[in-house]
Amino acid sequence: MLGYLDIDASRLYAMPYQGRAVIDDRGWIAYDRLATGMQVYGTDGKSVALQAFAYPWFKASWRILVRADQMGIARIDEQGRIVWEREFSMPITALDASSLVLAVGLLDGALYIFDAQGKSIFFAPGGFQEVRTIYGVAVSIDSNYVTVLKGLSPQKIEAYRQSESSYVKISESTLKPEAAFQASMAFAEDDSHVILARENQLLYYNVKGNYIKQIELNMEKNRVGEVLHKGGDVQFFALQSTGGGTVAVLQVQASDSLDTSILILRHGLLELVAPGAVSLSVGQGTLAILYKDGVQLVKGWQP
Amino acid sequence: MKRVLFFCLLLRCLIVPGVDALDFQIPELVDMSGFGTLLGDVSNGQPHGKSLQTGAVYGRVPRSDLMLKSATADITAPSSGSVIYVQADAPVKTLFSFPLGGAMAIFHPERYVSVISGLDTSRIIQSAGANQSATPRELIVKKGDSLPGGSGSGMYPPNVFGLRLFDAQNLCWVNPIFLSSWIRDQTPPVIRTARLTKSGDAALIDISGVAARDARITCAQGNYRIYIDAFDTIVPGSPLYSAPYRFLALLDGKSVVDSSFATAKCTEDGLSFLGNAGSSREAVTADGLYSVGTIALVRGEHDLQLLVSDYAGNTSMLKASIIVR
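Residues numbered from 1 in each chain as written. Chains lettered and ligands numbered in written order. Predicted model: local features only at pLDDT ≥ 70, side-chain atom pairs only at ≥ 80, totals over all residues.

K.L.:
Let's hear about the sheet that holds strand E23 (residues 234-241) of chain A: which residues, and what values?
P.N.:
Residue and element names in this part refer to chain A. Judged by pairing direction, the sheet is antiparallel, and its four strands sit side by side in the order E23-E24-E25-E26 without closing on themselves. With partners counted over all chains shown, the strands left at the sheet margins are E23 and strand E26 (269-275), one partner each. The average angle at which neighbouring strand axes cross in this sheet is 25 degrees, direction not considered. Across seven bridges, the pairing between E23 and strand E24 (residues 246-253) is antiparallel. Along E24, the bridge assignment pairs Phe237 with Leu250. (Pairing = 2+ DSSP bridges. Helix = DSSP H or I, 4+ residues; strand = E, 2+ residues; numbered from the N terminus. Axes fitted to C-alpha atoms, helices over the stretch in contact; angles between N-to-C directions.)

Take a look at the structure:
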C-alpha cells in the first residue's frame, strides 16, 4: 500500500501498489530496481516518463534523484524536470532533509549541506588519512540541528547547530560499540534527541546533553512487549518524527521481511506498536499507519 | 599475444604506477563492461549491447567502476582489507534503498579503497555476526573470499556486480581493468562517429564515414574540440559494450591529443574524465560522444589521424584530410 497524509489539504492518498514508489503531496514516482524505468504521477493520476538512471528520494518537500552510481543528486520539480544537480567524487552514504536544507554525507567523510537552490551552505571536507565515513545523517525539522554518525576508531556522533547562514559543530560523542554499517537517523520534532538505528541496534542520542544510550526494547515490561522480539534477529530503521518527543521506527524480522512492526518511541521509551505496519505518515493530530493491505487512521494523536 | 601482454604491463606501469604495489586481482568472470562506459546500458536484466540512447538523460555519465558478470551468484574478493562501510538493500519497499544495493567499502594497504556493489550484504553481516559478535566491531575480507550476491541487489541484475578502486594518495578513481590478467582481448574498438566542433560554434564537422574518406574536409582556422563515439568489447563474444581506453589524435604525424580512461580525478565539481573539467557530464555529449580533447587548426592542408585503443593496445584508426582556409 502506498499512502500519504496531506493535512493541509485534508486529504489521504492511498493506493495498492506492488512496485517501488515514493509519494508526497504533489504526486508520486514509480520506479524499478534497475534504475531505468521511472514514471512521474500527479495527484490527478496523469503521468510522464522520466529519463534518468537514478532512484527517487522524497522528504520534506524535496524531490531528489540519487544517480545510479550513487555519486550524484538532482533536485527535480513535479514534472521531473531537473532544477539543479550536483556530482560528488565519492559515493553518497547518507542523506536527510528538512524543508529548508538537504544534508549529504559521503564515503570519505565529506559532509555537504545545501539550501533549496542547491547552494552549498556548509561543507566539511573528507579524506582517507583515517576512516571518516559518514554512516548516517539527520536534519532537525526546524533545520536548527544536523547530526552525523561518522568515522571508525573512534566512531562519533557529531552535532552541528545552525549559525547565521551556515552550521557550526557544537558537540561530539564517542559511540561504542563501533560498526561499519550504514545507519538510519531521525530527529524528534522538539530537537531534544535523535534515534539512530543500525541492524539490530537502536540508540538514543540526547542532543543538548550530548550523551548516547542504548535502547533495550526487549526489556520493556508493558502491554506491547510480547509483540517484540518473537525470536530470531531483527533490524531497525529510524523513520521520522511523529511529533513532540516521539520518533517512529520500523522493525523488520531479519528472517522474514514480511514480519514488520512500526514502533513509536517517546524519548526512547516504547509508546505504541503497530504490528504488521510498514510505514506511516503524520500530520497535526492524525497518524496514518500503512499496512500491506490497508491504512489505519489514528485521530487525536497527541505526541 | 606477447605484444599484447607487454603493452598491458607497460600501460599499467606507466599510467597507474601505484596499483602495482597493491595485491589486487579481479577474479575470472564471464563478462565485463569497463570504466568510462556510460551508465544505464543494462536494462531488464539484459544488456542493451551496442545501442545508444539519445538525448540528455540524467545519470548518463561515464562510470567509475567496472561492471562484472559472474558465472554464479557469488564473486571472489579481489584483495584483502578491512571493511569500513556496509550498506544493504532495504528489506521492505517502503524504505529507501541506495542504488548500489548491498555494497561494501574495503580499505586496503597503500591507501587504496575498493567498493564492491551488488552484494547481498545481509548474508555477509549475518555470517560475520555468527563468527564474531552480534555487532561485529571489525569486518575483514580476505583475498579469495566468496562474497554473496544472491538474486540481484540495488540496480544490479542477478550475478552482476560493481567494482571500483580509489587511490587515496592521488585522489582519483583508478581503472581496475589492468588488474584482470585473465582477459585476452584481441578485438580493436569500433569507431562509430567522430566529429570536430569549433570553439564558440555549434556547427559540427563529421569526420567519420564514407564522406570523409572520399572527400577532403574544408573548414575555418581555429580551435576544434574532438568528439568520438566508439565502443569496445573486452570479453570475446560479449554482448556488453565498453568504453575504449585511449584516444590519440595525430595532426600531420604529431600527437596533439592523448587522453585515456586510466583514472577519474576528483575535483570540487565531481569527477574529471579524459582530462575534461568536472563534473563527469563534461566528458560526454547528450548523444553519447566522448569529448577527448582540443586541436588547433591553422591555415593549410593537414592530415588528421584519430586512433582509438582498448586497454590491450588493439587500435582502430580514422583518417581525414583537412583544408583549413
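K.L.:
Could you give me a rundown of the confidence of the model for chain A, with the residues and numbers involved?
P.N.:
Mean pLDDT over chain A: 90, with 95% of residues reaching 70 or higher. Scored below 50 in pLDDT, residues 219-226 of chain A shows six contacts in the model against residues more than four places distant or in partner chains. (pLDDT = per-residue confidence, 0-100. Contact = placed C-beta atoms within 7 Å.)

K.L.:
Lay out the sheet that holds strand E22 (residues 300-309) of chain B in plain terms, naming residues and giving numbers.
P.N.:
Residues and elements named next belong to chain B. If you walk across this open sheet you meet the five strands as E15-E23-E22-E17-E18, and the pairing is mixed. Two strands bound the open sheet, and with one partner strand each, they are strand E15 (217-219) and strand E18 (254-260). Between one strand and the next, the sheet's axes are offset by a mean angle of 25 degrees, whatever the strand orientation. Direction of pairing for E22 relative to strand E23 (residues 315-324): antiparallel, over a ladder of ten bridges.

K.L.:
An account of the pairing of E18 of chain B is needed here, citing residue identities and associated values.
P.N.:
Residue and element names in this part refer to chain B. With six bridges connecting them, strand E17 (residues 246-251) and E18 associate as antiparallel partners. Among the inter-strand pairings, Ala249 is bridged to a residue of E18, identified as Val257. Hairpin connection from E17 to E18: two residues lie between these consecutive antiparallel strands, with Asp252 at a positive phi of about 50 degrees.

K.L.:
With reference to specific residues and values, describe the interface of chain A and chain B.
P.N.:
Contact residues are listed per partner, giving 47 residues for chain A and 47 residues for chain B. For the side of chain A that touches chain B, the elements supplying multiple residues, two or more each, are strand E7 (54-59), strand E8 (62-67), strand E9 (72-76), strand E10 (82-87), E23, E24, strand E25 (256-266) and strand E27 (277-283) of chain A. Residue composition of the side of chain A that touches chain B, grouped by class: 26 nonpolar, 14 polar and seven charged. (Nonpolar A, V, L, I, M, F, W, Y, C, P; charged D, E, K, R; others polar.)

K.L.:
How would you summarise the environment of Gly162 of chain B if you had to cite specific residues and measurements?
P.N.:
Residues and elements named next belong to chain B. The topology assignment puts Gly162 in strand E11 (residues 160-167). C-alpha separation for the pair Gly162 and Asp145, spaced 17 residues apart in sequence, amounts to 16 Å. Not counting residues within four places of it along the chain, the set of residues in contact with Gly162 comprises Asp65, Met67, Leu100, Ser117, Gly118 and Tyr156.

K.L.:
Tell me about unusual backbone geometry, residues and numbers included.
P.N.:
Between Ser153 of chain A and the following residue, Pro154 of chain A, the backbone shows a cis peptide bond with an omega angle of 5 degrees. The residue Pro154 of chain A is located in the loop between strand E16 (145-150) and strand E17 (155-163) in this model. Residue Gly278 of chain B is joined to Ser279 of chain B through a cis peptide bond whose omega torsion reads 10 degrees. Secondary-structure assignment places Ser279 of chain B in the loop between strand E20 (270-272) and strand E21 (290-297). Its identity is not glycine, yet Glu199 of chain A carries a phi of approximately 50 degrees, on the positive side. Looking at the element boundaries, Glu199 of chain A is found in the loop between strand E20 (193-198) and strand E21 (201-206). One non-glycine residue, Asp252 of chain B, adopts positive backbone phi at about 50 degrees. Assignment of secondary structure puts Asp252 of chain B in the loop between E17 and E18. Since 12 C-beta atoms lie within 10 Å of it, Asp252 of chain B is described here as exposed. (Buried ≥ 20, exposed ≤ 12 C-beta atoms within 10 Å, placed from the backbone.)

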